[in-house]
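Examining the three-dimensional arrangement
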Amino acid sequence: MIKTETSIREMLEKSLWAQALTQEQLARVQAEVTSRRITAGSFVCRKGDPVVHWIGVHEGLLKMSSVSPEGKTVSFAGMANGGWLGEGSLLKDEPRKYDVVALRDSELLYMPKATYLWLLDNSIPFNRFLVTQLNERLGLFISLVGYDRMLEPDARVARCLAALFNPYLNPGIGLELQISQEEIGNLSGASRQRANQALQVLEKAGLLRVDYGSITILDLEGLRQFHT
């Protein structure tokens, strides 16, 4: 890993949990967190890997997913700028239960397990943040199960996009989202063509605007409530 002080500092400045640390705690985190660039299509981590880091997204887009014994890929969630993943696996001290793939070239931050556990022992604000993050993650996964079982593809794409805009899970994301139709399809479990059809429906409904390589969210609550 190559340690990049600037990107680490910038990432920490965007992290809600880091803003509540003491100067001494923040200094130790800055000294022990490292960064790594991951190319599009590469695995960030694989199912069954030992969990030795808490992983943050400085810039990029990741997909958390799993492949069934029959070869079917199930997408769980997307992680964008400012998001962190793996807090539950670190707490349970067990092998990772999912794959994480970079959907585009991404710069990630890695906090060692020892640093993570030290913050748990020494920072009440950090613990409060983790409780909130775990609660938000649980709510997201429960809702995704419902989306997959009850909603048509247009609505699944809408809810998948809306799920990215969580102030705890992806705090660095903005309403103008640099994302391709292929990436949207990967996150929502749809083909690029089917994702394109869904985006056209959502654009006609006035919920978003589609531009080349990006979308702008016009009505986030409408996306969260959209159904066909």
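Details of the structure are given in the entry above.
Notes on the structure in this doc start here. (Residues numbered from 1 in each chain as written. Predicted model: local features only at pLDDT ≥ 70, side-chain atom pairs only at ≥ 80, totals over all residues. Heavy atoms only, no water.)

**As for the overall build of the protein**
Check the secondary structure of the protein and you find ten helices and eleven strands. In summary, the protein has a C-alpha radius of gyration of 18 Å against a globular reference of 17 Å for 228 residues, a match within 12%. Projecting the C-alpha coordinates of the protein onto the three principal axes gives extents of approximately 50 × 40 × 30 Å. Burial status across the protein gives 46% buried among its 228 residues. When contacts within the protein are restricted to residue pairs at least 6 apart in sequence, long-range pairs at least 24 apart make up 73% of them. As displayed, the protein offers around 11,300 Å² of accessible surface, 52% of which is attributable to carbon and sulfur atoms. Looking at charge distribution, the protein has the averaged site of its 25 positive side-chain charges lying 4 Å from that of its 26 negative ones. (Helix = DSSP H or I, 4+ residues; strand = E, 2+ residues; numbered from the N terminus. Rg over C-alpha atoms; globule rule 2.2 N^0.38 Å. Buried < 20%, exposed > 50% of the residue type's maximum accessible area, 1.4 Å probe, protein only. Contact = heavy atoms within 4.5 Å. Areas by Shrake-Rupley, 256 points an atom, 1.4 Å probe, with all protein chains shown as cover. Lys, Arg positive; Asp, Glu negative; His and termini not counted. Charge placed at Lys NZ, Arg CZ, Asp CG, Glu CD.)

**Focus on the pattern of salt bridges**
Opposite charge on two side chains makes pairing possible when the charged atoms of those side chains draw close. Across all of its chains, the model carries nine salt bridges by this definition. Residue Arg 37 is joined to Glu 107 by a salt bridge in which the shortest nitrogen-to-oxygen separation is 3.7 Å. Taken together, the residues Arg 37 in strand 1 (residues 34–38) and Glu 107 in strand 8 (residues 106–112) connect sequence positions 70 residues apart. Under the relative-accessibility criterion, Arg 37 is labelled exposed at 66%. In this structure, the salt-bridge partner of Arg 137 is Glu 87, at a minimum N-O distance of 2.8 Å. Of the two residues, Arg 137 sits in helix 6 (residues 124–150) while Glu 87 sits in helix 4 (residues 87–92), which places them 50 residues apart along the sequence. We note that Arg 137, like Glu 87, is buried. (Salt bridge = Lys/Arg side-chain N within 4 Å of Asp/Glu carboxyl O.)

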